[in-house]
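Structural overview for review
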Amino acid sequence: MRRYSLASVTRHPSPSLVTSPERRIVWIGMFFLLGMLVIMARFFQLQVLERHTYQLLASDQHDIQTSLTPRRGTIYVRDRFDGSLHPVAKDRDAWQIYAIPRQMKQGASSSAVIISGILQLPTEELVARFTSPTATYMVIARDVSMDVAYRVRDQKLPGIGIVQGLVRLYHESAMSGQLVGFTTVNEQGKRVGKYGLEGYFQDTLAGKEGSLIAEKDAAGRRLTIGSADIKHAENGASMVLTIDRTIQYQACTKIQAAVERFQAESGSVIILDAKTGGVLAMCSAPDFAPGEFRYVDDVGIYNNPTIFYQYEPGSIFKPFTMAAGLEEGKISPQSTYTDPGSESIDGFTIRNADKETHGLQTMTQVLEKSLNTGTIFVQRLLGQETFRTYVKKFGFGEKTHIPLHTEVKGNIAALERKGRIFFATASFGQGITVTPIQMTAAYLALANGGQLMRPHLVSEIHYADGHREIKKPEIVAQVVSTRTSRLVSAMMVNVIENGHGKQAGVPGYYVAGKTGTAQIPNPNGQGYLQDQTIGSFAGYAPADHPAFVMLVKIDRPKTVQYAESSAAPVFGELAKFLLSYMQVPPERPIIKRPSPPALPVVTSAAPSSTR
């Protein structure tokens, strides 16, 4: 047996354990390659994937957690003829001055003195803000010129900086502030819409804010190698209105001129598309400019009178009483009654506005001459319950839900009471209250084959992701039949041709409408105010295929007494423009309308009821 000593045995290393210079170089190369890949991946992350995050961190280091402000959606109107969009309200870039008090150290007071001199702000106010123990980041001025911003920057004050921000610009000077609304800054420093479209569509227009969050050290400094997370802002949606900018301009111009001409307290006009219920114009006087909302004397002017203020409509309500009677088969346009001149009901005496007795009259003549006793006659034939039902069907006593804040629903509570007098007076528009938008929508039902439609202001909404929402006309209810609507329309044509509405007519066209001179209830007691009235005219044209529906309202005119001399002429002027602008061909030979008589001066006697 062979024996080997340990000293004689030679052990050879395994080939896999040999570390040759070549293999060492390979390992070093792989190590450097891996390092380069890691570095390249990090560069790709920083420069591509997180490029926006670090751009913001580099340019806006005054706040580690920065709120990213979205652009507010633009409000447009579309040109009727070429389809182009014109901005009514739109964001624009502006310079802002900001302060970070904790970075000011001991220089808060001196900085306040310098800044107050540049921005013309109270020094004491700035010192109080800069030295507040709870102050972190604050905007000192939101819309300053580039020159002023650079003057502030050149001071190199600790804790004071400049940054570009957004402000709202209102382009169409003739566009109603009460319709559009405005934007302001709330206590949290966020822009919010108030009143009008800006207020109602706040969530849609405002978009969603983004945020930027980065890690920081104990001293509050951003960590270069720390993580950062950005949530981008989502811009607000833009919208296209149904408003026609040319019609709106004409409406606002005419109503302002009428208020001045008649020395009225105020006035309003609403024009609807007769086929869709879209608002073509909505304007009141006095009004305010959206970009100058801070300079009004009375904040009550922010409310839109066409939806916010309710009033007793007077005789423009009479066509609805007639429509109910026709629909129920109680009357026809040729039905007759004997006008007694006055009615005694529940201890009250009701007279015709002219205080005359007219004898045998048709229902058409009731509208022509605006006889209160005639609508009382129809209401009695209907009965209280049926009459109340039709008042509600026409939309009175409920909001129209037009997309505007502060709409009220009017008051028809009198029709829930038992006395006959409440139904008698309501038949000719007294004792109940309505809003101008309710009345215009109700006339739209008469013009549109008996269909009550919801008035709307927005035709399209364009979202930031490219999606478009097209708003479709909405039919609320079929109130009366097409036959009834045509009969009432023909009866109202006679008001223009033979009655008190002559000044609302347009040569070459058949116009349907009704005047209403309403008394104003005494706010301090029973009865009505003396020598103060509200004149209205509501109607549409052409009568048998309407292109538009319009209401004109003149509040407390001083130079005229009846609506036939105030609201009716304004209606006629606008109707003539609309029929030409909308390219509606004439229906009959154009005969020049007689010049209106000299405007009568109000005497001390007030009308006993409406006309």
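Because the structure is a prediction, the values reported are computed rather than measured.

Now for the environment of Val 279. Considering the arrangement of structural elements, one finds Val 279 in strand 12 (residues 279–285). Since its relative accessible area comes to 0%, Val 279 is described here as buried. Separated by 269 residues in sequence, Val 279 and Phe 548 place their C-alpha atoms 9.7 Å apart. The residues touching Val 279, leaving out its near neighbours within four places in the chain, are Thr 242, Ile 243, Ile 271, Leu 272, Ile 402, His 456 and Leu 457.

As a further point, take the sheet that holds strand 11 (residues 266–273). Here we have five strands laid out as an open sheet, ordered 12-11-23-22-21, and antiparallel in their pairing. Both outer strands of the open sheet, strand 12 and strand 21 (512–521), are each paired with one neighbouring strand and no more. Pairs of neighbouring strands in the sheet enclose a mean axial angle of 10 degrees, with direction left out of account. Where strand 22 (residues 528–541) and strand 23 (residues 548–555) come together, eight bridges link them in antiparallel fashion. Bridge pairing in strand 23 places Gly 535 opposite Ile 554.

As a further point, take helix 11 (residues 318–327). With nine of its 10 residues buried, helix 11 lies for the most part within the structure. The complete set of buried residues in helix 11 reads Lys 318, Pro 319, Phe 320, Thr 321, Met 322, Ala 323, Ala 324, Gly 325 and Leu 326. Each element contacted by the buried residues of helix 11 is listed here: helix 12 (363–369), helix 13 (372–382), helix 14 (384–393), helix 16 (436–447), helix 17 (482–498) and strand 21. A positive phi of about 75 degrees marks Gly 329, the residue just after helix 11.

With that settled, consider the packing of helix 11 against helix 13. What describes two packed helices is the angle between their axes and the distance between those same axes. Two numbers describe how helix 11 lies on helix 13: the axes approach to 9 Å, and their chain directions differ by 35 degrees. Where helix 11 crosses over helix 13, the two elements pack in a sense that is left-handed. Each of Lys 318, Thr 321, Met 322, Ala 324 and Gly 325 in helix 11 lies in contact with helix 13, whose residues at this interface are Asn 372, Thr 375, Val 378, Gln 379 and Leu 382. Considered class by class, the residues forming the contact of helix 11 with helix 13 number four nonpolar, five polar and one charged.

This part covers the pattern of salt bridges. As a working rule, side chains carrying opposite charge can pair if their charged atoms are close by. Taken as a whole, this structure holds 21 salt bridges when the rule is applied. In this structure, the salt-bridge partner of Glu 573 is Arg 261, at a minimum N-O distance of 3.9 Å. Of this pair, Glu 573 sits in helix 18 (residues 567–581) while Arg 261 is found in helix 9 (residues 245–261), placing the two residues 312 residues apart along the sequence. Owing to a relative accessible area of 30%, Glu 573 belongs among the partly exposed residues under this scheme.

This part covers the pairing of strand 7 (residues 191–194). Across four bridges, the pairing between strand 6 (residues 182–185) and strand 7 is antiparallel. Among the inter-strand pairings, Thr 183 is bridged to a residue of strand 7, identified as Gly 193. In sequence, strand 6 turns back onto strand 7 through a hairpin of five residues, with Gly 189 there showing a positive phi of about 80 degrees.

Now for the nonpolar core. Here is a general trend for soluble globular proteins: nonpolar side chains tend to be buried in one another's company. With 84 residues, the main nonpolar core has Phe 320, Phe 394, Phe 396, Met 439 and Tyr 443 as its most contacted residues. Among the elements that make up this core, the one with the highest residue count is helix 16 (eight residues). In contact with Phe 394, other than residues within four places in its own chain, are Phe 320, Ala 323, Ala 442, Ala 445, Leu 446, Leu 452, Val 479 and Val 480. Ile 255, Ala 258, Ala 264 and Leu 578 belong to the second largest nonpolar core, which has 39 residues in total.

All right, on to the packing of aromatic side chains then. Considering all chains together, one arrives at 19 aromatic pairs under this definition. Here Phe 182 and Tyr 302 contribute two aromatic rings whose centre-to-centre distance is 4.9 Å and whose plane-to-plane angle is 55 degrees, an arrangement assigned as tilted. Of this pair, Phe 182 sits in strand 6 while Tyr 302 is found in the loop between strand 12 and helix 10 (305–308), placing the two residues 120 residues apart along the sequence. Judged by centre distance (5.1 Å) and plane angle (70 degrees), the rings of Tyr 200 and Phe 201 are edge-to-face. Its relative accessible area of 37% is what places Tyr 200 among the partly exposed residues. Take Phe 201: its relative accessible area is 11%, and that puts it in the buried class. Within the aromatic cluster, the residues linked to one another by ring pairs are Phe 182, Tyr 195, Phe 288, Phe 293 and Tyr 302. Positioned above the aromatic ring of Tyr 510, the side-chain terminus of Arg 588 is 4.1 Å from the ring centre.

Each value, and the rule that gives it
Along each chain, residue indices are assigned from 1 in the same order as the chain's sequence is written. A pLDDT threshold of at least 70 governs which residues receive local features in this predicted model, and a stricter bar of 80 or more applies before side-chain atom pairs are shown or counted, although totals over entire chains, interfaces and linings include all residues. Hydrogen atoms and water are omitted, and side-chain values are computed over all heavy atoms in the structure. Secondary structure elements follow DSSP: runs of H or I of four or more residues count as helices, runs of E of two or more count as strands, with numbering from the N terminus. Here the term buried applies to any residue with accessible area under 20% of the maximum for its type, exposed to any over 50%, and partly exposed to those in between, with areas from a 1.4 Å probe on protein chains only. Any two residues whose heavy atoms approach within 4.5 Å at even a single point are treated as in contact. When DSSP locates at least two bridges between a pair of strands, those strands are taken to pair. Simply put, an axis is a line fit to the C-alpha atoms, just over the touching stretch for a helix, and the angle between two N-to-C directions goes from 0 to 180 degrees. The handedness criterion is simple: a crossing whose near helix is rotated anticlockwise from the far helix by less than a right angle is left-handed, and one whose near helix is rotated clockwise is right-handed. For this scheme, ten residues count as nonpolar: Ala, Val, Leu, Ile, Met, Phe, Trp, Tyr, Cys and Pro. Four count as charged, namely Asp, Glu, Lys and Arg, and the remainder, Gly too, count as polar. Salt bridges are defined by distance alone: a side-chain nitrogen of Lys or Arg within 4 Å of a carboxyl oxygen of Asp or Glu. As used in this record, nonpolar core signifies buried Ala, Val, Leu, Ile, Met, Phe, Trp, Tyr and Cys residues forming a set joined through side-chain atoms within 4.5 Å. Each aromatic pair joins two rings of Phe, Tyr and Trp (for Trp, the six-membered one) with centres within 6.5 Å, and gets the label stacked for planes under 30 degrees apart, edge-to-face for over 60, and tilted for any other angle. Any Lys NZ or Arg CZ that is within 6 Å of a ring centre and within 35 degrees of that ring's normal is treated as a charge sitting over the ring.

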